[in-house]
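# Fold and geometry: a report
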Amino acid sequence: MADNSTLVSETGRSLLADSSVLDSKIIETSKDNVCPGSGLDVEEEMPQIETRVVLVREAGKHEELLKALEEIKVPYIKTDTIEELGDSDSPEFETIFVVSDFQDSVFNNLCKADCRVIGPPVVLHCAQKGEPLPFSCRPLYCASMLNLVLCFTGFRKKDELVKLVTLVHHMGGIIRRDFSSKVTHLVANSTHGDKFRVAVSLGTPIVKAEWIYKAWEKRNETDFCAADDDFRNQFKVPPFQDCTLSFLGFSDDEKANMEEMTEMQGGHYLPVGDERCTHLVVEESTVKDLPFEPLKKLYVVKQEWFWGSIQMDARAGESMYLFEKSESPGLKKSVSLLSLSTPNSNRKRRRLKETLAQLTRETDMSPFPPRKRPSAEHSLSIGSLLDISNTPESSTTNGETPKSCARPSKNSTPLPLKQSARWQVAKELYQTESNYVDILTTIIQLFQVPLEKEGQLGGPILAQEEIKTIFGSIPDILDVHTKIKEDLEDLMMNWTESKSIGDIILKYSKDLLKTYPPFVNFFEMSKETITRCEKQKPRFHAFLKINQAKPECGRQSLAELLIRPVQRLPSVALLLNDIKKHTAEENPDKITLERAIESLKEVMTHINEDKRKTEAQRQFFDVVYEVDGCPANLLSSHRSLVKRLETVALGDDLCDRGEQVTLFLFNDCLEIARKRHKVIGAFKSPHGHTRPPASLKHVVLMPLSQIKKVLDIRETEDCHKAFALVVRPPTELNNKLLSFQMTTEEPPKEEWLKMLCRHVANTICKADAENLIYTADPESVEVNTKDMDSTLSRASRAIKKTSKKVTRAFSFSKTPKRALRRALMSHSATEGRSPSSANESYIGSRLTSTSSLAGVPSPSLVSLPSIFEKRSHTLSRSTTHLI
């Protein structure tokens, strides 16, 4: 193959020879020149050779280059031709040529003359780092591949390989012919061969040849490094490159998912049996035999190879995952025993019973109990220390004496053949605790530890923040329950009826209170993180597929395993209640068990309370992110979100009539926000999670103490699901009427109004919340919802918004409302009134119902409609003219 051949460049050097060996020889030679021998007198001074830089052609016009040479204090000269330098080989100078173009004739002549040639980026790099100019036996244009050791595989065209090797040398890289652990990158043109397999096993990055070409295009960028992960990952060799897969034994959904993943990872897929396939992926649990005789070139592999390749981000070796017909030895034995035909039917029944008992014991070895709750007599595994019978026959048969029988009782009487009901339930408590510890251990060892492991093949599968969110305080919970299990084990080994089970729970109640709330409160967030990462990160999806198929998981997903801590404490409380029922009244453990049950209830109550607070905090932040311009003082430790209500504005006070308004009811305030007309951009957190843009715009944050009355507007043909609030802001002298129409069925209007009044009454310290609700007719407050859903109404609202924009665009005043207010004030001044009274009249006249409710007459009510009519006529006329 070409990658094992020796290639020679124009200068006569071997391109694929280990350049590191050549570099070491140069370094040793330079050391010999500096220190020729230790026997020389110290007083003799070595002749110093001055470094001189020659800027050739375009390099002499580079202003930054000239400044960089001045910074590193290196003398330089400019020249257009090499012939001008007659003393280029003078022993008094070490001449370094700086050439901007490594492809012109000047560069080729310098290489043939064996001159030191560097590019401008090398000088700029040295000036930036404060380092001297490097000594290189080859032309060095830039340092983007400095300290990188590359190896090539799969290249059959000699010219292409020569070009790639030359570019690597120009960027400061080192080439090795043979692959070793010192190689930092493998440039592969094929996924076959020993070099590729070794690189996969060592976790060495495998990239395409395009990586070198693209790095050369960025050669003039001083800060660029070809080994940067973001840049290199664009050119990595996908796991299924040069592979054509087919899938056998999978469901339609799973097969479609795997086919999609195959294309995402650079491969192709074809139907089963196609001769062009290179791999046949088999579901080993459903496929017992292949439907055809596979070709010799076809790899028949288990699905673990497929998911393992995606997880490693490189094609795994097929030899470890070859599909074979697998039959369990135990199953073979049981089948052979079941198929025995003997004349004695009793012997057959006995053998059948023994076989079934053995299969049952093998099943019980799993830490995951069956869904059906087993009885206390038959739920122990074969190797469990609790599988002890106190009968003399069993002791003799097993050849050992149980510890419970070795210690004589006080009355020197043999123990009963059957243990007490208290012992049976205590045994079940220990067994479930043991199984629970095994599950937590599986979660940590099978999932958390591999994800946190450094130096993963293909890089980290998940970020540390995501791992912490998923697993939370699982290790702390495991530590506590491991201690509980050990204490229960010691109790069962030395069982007496007077042993206290409650003391064990009380001993660790504080630890349970400390470890459980952080996990349970954020369990939903943990599940959401798993779902999101599984969709967005194929390697994590493959990681879960591989581990969840292992027998330790009992074919349960990670989310199903993580729910066990949420269920454990209620389960322990039920078992303690059972033990308490079978505990005699005179037993001291009776009271201790009651205290233990109460301590567990306190832990669960604390968890629920913390969870409620956590959910409330999340709801708070959701409101802050959803409402643009939300006041910062909304966030408060004593404040909680009660209800959210979607409405439509029926008045013009807060916003335009007909606009969608969202009411956020808190325990002491009401946040009112309208729907944004234009949503721009999205929020991105520091951890990279993209949050949707704010869909609402803040209008007002109103304390509930400002709500004076709540109006329940009667249902009529022209008014449906409407209500109003009579409010008085501290800056206003008169009441204001805010009317809304509910747009959702839940909650019912009556329930919403009662809820609102209850929190208003709590805020103003009143017990009679019902007295805040008043029933009003739609005509009395001039509220009408008939035109809210009509097409004509929506069109008129759109025209109204357009007319406002047009009027503002062609008006000298940007605030027509203020201009209108000034006009009203001047009009009232001519009638001998003060500006303040005119302002009060204007505020009161915005809603005629407000003046009637407040009992304050408004003299300007007659003049206001005419002014509004003139204003609206002007707006409509300007809009018609523009149209």
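Residues numbered from 1 in each chain as written. Predicted model: local features only at pLDDT ≥ 70, side-chain atom pairs only at ≥ 80, totals over all residues. Heavy atoms only, no water.

## Re the side chain of H279
Using the following cut-off: Only DSSP runs of H or I covering at least 4 residues are called helices, and only runs of E covering at least 2 are called strands; the numbering of each starts at the N terminus. Think of it in three bands: with a 1.4 Å probe and only protein chains considered, a residue is buried below 20% of the maximum accessible area for its type, exposed above 50%, and partly exposed in between. Here a polar contact means two N or O atoms within 3.5 Å. Within protein one must be a hydrogen donor candidate and the other an acceptor candidate, and residues neighboring in sequence count only if both atoms are side-chain atoms. The contact rule is simple, with two residues in contact once any of their heavy atoms fall within 4.5 Å.
Position of H279 relative to the elements: it lies in strand β11 (residues 279–282). Taking relative accessible area as the criterion, H279 reaches 2% and is therefore assigned buried. Within the structure, H279 has its side chain in polar contact with the side chain of T278 (distance 2.8 Å). Among the polar contacts made by the side chain of H279, one reaches the side chain of E318 at a distance of 2.8 Å. Leaving out residues up to four positions away in the same chain, H279 has contacts with C243, T244, L245, S246, L298, Y299, W305, R315 and E318.

## Focus on the environment of C115
Structurally, the position occupied by C115 is in the loop between α3 (105–112) and β4 (116–118). It is 7.9 Å that separates the C-alpha atoms of C115 and T95, two residues lying 20 residues apart in sequence. C115 has contacts with F97 and L110, leaving out every residue within four places of it along the chain.

## Section: the pattern of salt bridges
Applicable threshold: A side-chain nitrogen of Lys or Arg and a carboxyl oxygen of Asp or Glu constitute a salt bridge if their distance falls within 4 Å.
Counted by the stated rule, this structure contains 26 salt bridges. Salt-bridge contacts for R232 lead to D229; the nearest nitrogen and oxygen are separated by 3.4 Å. Of this pair, R232 and D229 both sit in helix α8 (residues 229–232), three residues apart, which is roughly one turn of the helix. On the accessibility criterion, D229 (44% relative accessible area) is partly exposed. Across the pair K236 and D313 runs a salt bridge, and its minimum N-O distance is 2.6 Å. Highlighted residues: K236 in the loop between α8 and β9 (244–248) and D313 in the loop between α10 (303–312) and α11 (329–338), separated in sequence by 77 residues. By relative accessible area, which is 32% here, K236 ends up partly exposed. Exposure remark for D313: the relative accessible area of 14% places this residue in the buried category.

## Section: the confidence of the model for the protein chain
The condition is simple: One confidence number per residue, pLDDT, is output by the predictor and ranges from 0 to 100.
For the protein chain, the mean per-residue pLDDT works out to 74, and 69% of the residues sit at or above 70. Scored below 50 in pLDDT, residues 20–44 shows 13 contacts in the model against residues more than four places distant or in partner chains. Low confidence marks residues 805–815, where pLDDT is under 50. Its contacts with residues over four positions away, or in another chain, come to nine contacts.

## Things to note about the environment of L665
By secondary structure assignment, the location of L665 is in strand β15 (residues 660–666). When the C-alpha atoms of L665 and L704 are compared, they prove to be 9.1 Å apart, with 39 residues separating the residues in sequence. Residues within four places of L665 in sequence aside, it is in contact with L641, V642, K643, L670, L704, W752, M755 and L756.

## Re the packing of helix α9 (residues 252–264) against helix α21 (residues 538–548)
What counts here: Axis angles are defined between N-to-C directions and span 0 to 180 degrees, where every axis is a line fitted to C-alpha atoms and, for a helix, only to the segment in contact. The cut-offs work like this: below 35 degrees is roughly parallel, past 145 is roughly antiparallel, 65 to 115 is roughly perpendicular, and the gaps in between are oblique. In this scheme the crossing of two helices becomes right-handed for a clockwise turn of the near helix relative to the far one and left-handed for an anticlockwise turn of less than a right angle. Ten residues, namely Ala, Val, Leu, Ile, Met, Phe, Trp, Tyr, Cys and Pro, are considered nonpolar, four, namely Asp, Glu, Lys and Arg, are considered charged, and the remaining ones, Gly among them, are considered polar.
α21 packs onto α9 with a crossing angle of 135° between their chain directions and a minimal axis gap of 12 Å. In terms of orientation, α9 lies oblique with respect to α21. The chirality of how α9 crosses α21 is left-handed. Contacts between α9 and α21 involve E254, N257, M261 and M264 from the first element and P538, H541 and K545 from the second. Of the residues contributing to the contact of α9 with α21, the split by class is three nonpolar, two polar and two charged.

## Points about the sheet that holds β11
Test applied: In this description, strands pair whenever DSSP reports at least two bridges between them.
What the four strands build is an open sheet, ordered β10-β9-β11-β12; its pairing is parallel. Every other strand in the sheet has two partners, leaving β10 (268–269) and β12 (299–302) as the edge strands with one partner each. Lying on the sheet, α9 is in contact with β9, β10 and β11; it crosses β9 at an angle near 170°. Of the strands in this sheet, β9, β11 and β12 touch α10, which is tilted by about 80° from β12.

## Side note on helix α16 (residues 464–471)
Note the threshold: Each C-beta atom gives one direction from the helix axis, and the arc is the one those directions make.
Residues E466, I467, I470 and F471 constitute the buried set of α16. Viewed along the axis of α16, the buried residues span an arc of 110°, placing them on a single side of the element. Buried residues along α16 sit against α15 (421–452), α17 (474–493), α19 (509–521), α20 (523–536), α21 and α22 (558–562). Note on α16: the residue one or two positions beyond its end, G472, has a positive phi of about 55°.

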